[in-house]
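Each chain, written out:
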Amino acid sequence: MKNNRLRQCVGVDQSDRRVPINLRQSGPTPVGLLISTRVRKSPYWHLSMEAGCWRATVYNRVYHPRGYVRPEDGGAMVEYEALVNHVTLWNVAVERQIQVKGPDAEAFVNHVITRNAARIAPMHAKYVILCNEDGGVLNDPVLLRVAEDEFWFSLADSDIEMWLRGVNLGLRCDVSIAEIDVAPVQIQGPKSEALLVDLLGERVRDIPYYGLMEGQVNGRDVIVSQTGFTGEKGYEIYLKDATLYAEDLWYGVLEAGERHQLMVTAPAHHRRIAAGILSWGQDMDQETLPFQCNLGYQVPRRKQADYVGKSALEAARQAIVAGAPPFRHVLVGMGFGGRPVTYYANDFWLIADGAGGDPVGYVTSPWFSPELETNIALGYVPWEMRAVGTRLLVHLPDAYADRTGQAAPAEVVDVPFRPSVNPNARELARSRGRDSVD
C-alpha cells in the first residue's frame, strides 16, 4: 500500500511553474553523505574537518561544511551566540569565483545583470542578480569589480560559468570567462573589524560597505570586502592561489582570532533569515521572478541598456501594477509557533490559511530567532495573502509541533525581522523608498 504522506501536495497551485517544487513531506532520511571525486573538495575542506566539522552539504558542486557544534552540545545556537557576540570564521569557498576580464568586460557584465555595471567603480562590489530570458533568477552573487577591465562573480548555488560562456557566443565580446583559483572565507561578527585590523592594519577601518581592499595575510595575496551573509558587521577574504596557500590564510586567521574569541562555525542561516537575506535554490530559483521574492529593487527602470530578461521583467512589472501578477505565489516573512526550530528543515513545510483549509503555500527557510524568542521563516503564499498581519497555519514536523499533527499558528510579518548592523541591499533600497515594482 502506498504511503499517502509522501504524495505530492497538489493543493498548492504551481501551474505557473514548469517544474513544481517538490512538496512531499519525506522528513529526515538516514543516509550518509558520500564523499567522492565527483564533487569538489575546497582548499579549506581538510581545515574544516580539523576544526570539528561534523555535518556538510553540497553547494556549487563543492562540499560545504554546515555544522561544528554537535546538537548535544548546543548545536547551531552555540554558533549563533559566537556570531552575534564575538567573531566567527566560515569556510565559504563554495562561492566559486568566475572572472570576466578584457576590454569589453563592463559591456558584457552589463548585459547579464539587471543593475548598471557602469555604476560599480573599480575596487567596489555590489549584490546583483542574473536572470534568464523569462526573467527568472539564475543567480544572485556579489559582483566584485577588481579593476576597470576585470569583474569576479562570487556565485550563489548555481553554475553560471557555462551560461556566461553561452551568452557570449552570441555577443562576441572581447572578454575571457573562467573560474579562477580564488577561495573566500567570511569573518562575521561584532569583533570582525578588530580582527581584520590585527591581520591587515588600520586601513581596514576605511573599507566602506561593499568596498574592496588589497592586502596580504601571512604573506599571501588577498582581496578583502566588507560584505557577508548575516546582517552583522563582517568581511570576506578572497585568497588568491587558494589551492596552494589555504593553510597560510586559515591558520593566520585562527592565530589572530584567539584574542577576539574567534570560533569556526557554519554559515548562520538563522541570522540571514532575520536579515531577509535569500538563499538561491531554497528561497528562489530560475523560475522565480525578482518581483516574487523581494528583489524588485534589483530591476531598475533607469537602466537604458538591454540585458538578458529585460523584456520579460518589464512586462511582469506592468502586469503587477495593473493588478494581474504573472505568478501565483510571493515570498513573505512570517512568525510562527511550535517548538524552537534549531535544525535545517528537511522539507518545504506546507502553509494553510488561518481557517485551516487545504495547503496553499510552503515555507522555504525556517529557524528559531533568539532575539525575537519565536520561530521565523521565509515562505511563499498566494499573492492575495501577502499583507502583513495575515493569519496562517504552518504544518510542522512532529519534532516541532506542540502536539502531534497540530499545525502552528503563523502571521505574515515585515522583513527584515530585526534591524541589521550592516543593512543588506534590500534594506537600504527600502529605506530610500526604492523597493517597489513601480
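Above this text is the structure in question.
For clarity, every value in this text was computed on a predicted model and none was experimentally measured.

Attention now goes to the overall build of the protein. Helix and strand counts for the protein come out as 9 helices and 21 strands. On C-alpha atoms alone, the protein measures out to a radius of gyration of 22 Å, which is about the 22 Å that the 2.2 N^0.38 rule sets for 438 residues. Judged by the C-alpha coordinates and their principal axes, the protein covers about 60 × 55 × 45 Å. Relative to its 438 residues, the protein shows a buried fraction of 56%. Considering only intrachain contacts with a sequence separation of at least 6, the fraction spanning at least 24 residues in the protein is 67%. In the form shown here, the protein has an accessible surface area of approximately 18,800 Å², with 49% of it arising from carbon and sulfur atoms. Here the protein carries 45 positive and 53 negative side-chain charges, and the mean point of each set is 4 Å from the other.

To continue, consider the packing of aromatic side chains. Per the stated rule, a full pass over the model turns up 10 aromatic pairs. It is R55 that lies over the ring of Y343; its NZ or CZ is 4.7 Å from the centre. One Lys or Arg, R386, reaches over the ring of W383 and ends 3.8 Å from the middle of that ring.

Turning to helix α5 (residues 192-200), a few remarks are in order. Along α5, 7 of the 9 residues are buried, which leaves the element largely enclosed by surrounding structure. The complete set of buried residues in α5 reads S192, E193, L195, L196, V197, L199 and L200. Two residues or fewer after α5 comes G201, characterised by a positive phi angle close to 100°.

Within the open sheet, the 6 strands sit side by side as β12-β13-β14-β11-β3-β15. Their pairing is mixed. With one partner strand each, in any of the chains shown, β12 (212-217) and β15 (262-264) form the two edges of the open sheet. Pairwise comparison of adjacent strand axes, ignoring direction, gives a mean angle of 25° for this sheet. Here 7 bridges tie strand β11 (residues 182-188) to strand β14 (residues 234-240), and the two strands are oriented antiparallel to one another. Its bridge partner being in β14, Q188 is matched across the sheet by G234. Its contacts with the sheet place helix α2 (residues 76-85) against β3 (87-91), β11 and β15, and it is angled at close to 120° to β3.

Another point: the sheet that holds strand β5 (residues 124-127). Pairing in this open sheet of 5 strands is antiparallel, and the strands run β5-β8-β9-β4-β10 from one edge to the other. Two strands bound the open sheet, and with one partner strand each, they are β5 and β10 (176-179). Mean inter-strand twist for the sheet, computed between neighbouring axes without regard to direction, equals 20°. Where strand β8 (residues 142-147) meets strand β9 (residues 150-154), 5 bridges bridge the pair, whose relative direction is antiparallel. What sits directly across from R145, in β9, is F151. Helix α3 (residues 105-112) contacts β4 (97-101), β8, β9 and β10 of the sheet and is inclined by roughly 30° relative to β9.

This paragraph deals with the packing of α3 against helix α4 (residues 161-171). Closest axis-to-axis distance for the α3/α4 pair is 11 Å, and the angle between their directions is 110°. Taken as axis vectors, α3 and α4 run roughly perpendicular relative to one another. When you trace α3 past α4, the crossing you get is right-handed. Seen from α3, the contacting residues are F108, H111 and V112; seen from α4, they are W163, L164, V167, N168 and L171. Tallied by class, the residues present in the contact of α3 with α4 amount to 6 nonpolar, 2 polar and no charged.

Along the polypeptide, H329 turns up in strand β16 (residues 329-336). A polar contact is formed between the side chain of H329 and the backbone oxygen of V360, at a distance of 2.7 Å.

To continue, consider the pairing of β3. With respect to burial, β3 is a largely interior element, 5 of its 5 residues being buried. Of the two faces of β3, the one carrying V87, L89 and N91 and the one carrying T88 and W90 are both buried. Bridging between β3 and β15 involves 3 bridges; their strand directions are parallel. When the bridges of β15 are listed, L89 appears paired with V264. Summarising the sheet, β3 and β11 pair through 4 bridges and their orientation is antiparallel. Counted as the bridge partner of L89 is I187 from β11.

Reading the values: the criteria
- Residues numbered from 1 in each chain as written.
- Predicted model: local features only at pLDDT ≥ 70, side-chain atom pairs only at ≥ 80, totals over all residues.
- Heavy atoms only, no water.
- Helix = DSSP H or I, 4+ residues; strand = E, 2+ residues; numbered from the N terminus.
- Rg over C-alpha atoms; globule rule 2.2 N^0.38 Å.
- Buried < 20%, exposed > 50% of the residue type's maximum accessible area, 1.4 Å probe, protein only.
- Contact = heavy atoms within 4.5 Å.
- Areas by Shrake-Rupley, 256 points an atom, 1.4 Å probe, with all protein chains shown as cover.
- Lys, Arg positive; Asp, Glu negative; His and termini not counted.
- Charge placed at Lys NZ, Arg CZ, Asp CG, Glu CD.
- Phe/Tyr/Trp six-rings, centres within 6.5 Å; stacked < 30°, edge-to-face > 60°.
- Lys NZ or Arg CZ within 6 Å of the ring centre and 35° of its normal.
- Pairing = 2+ DSSP bridges.
- Axes fitted to C-alpha atoms, helices over the stretch in contact; angles between N-to-C directions.
- Parallel < 35°, antiparallel > 145°, perpendicular 65-115°, else oblique.
- Left-handed = near helix turned anticlockwise from the far one by under 90°.
- Nonpolar A, V, L, I, M, F, W, Y, C, P; charged D, E, K, R; others polar.
- Polar contact = N/O pair within 3.5 Å; in protein donor to acceptor, adjacent residues only side chain to side chain.

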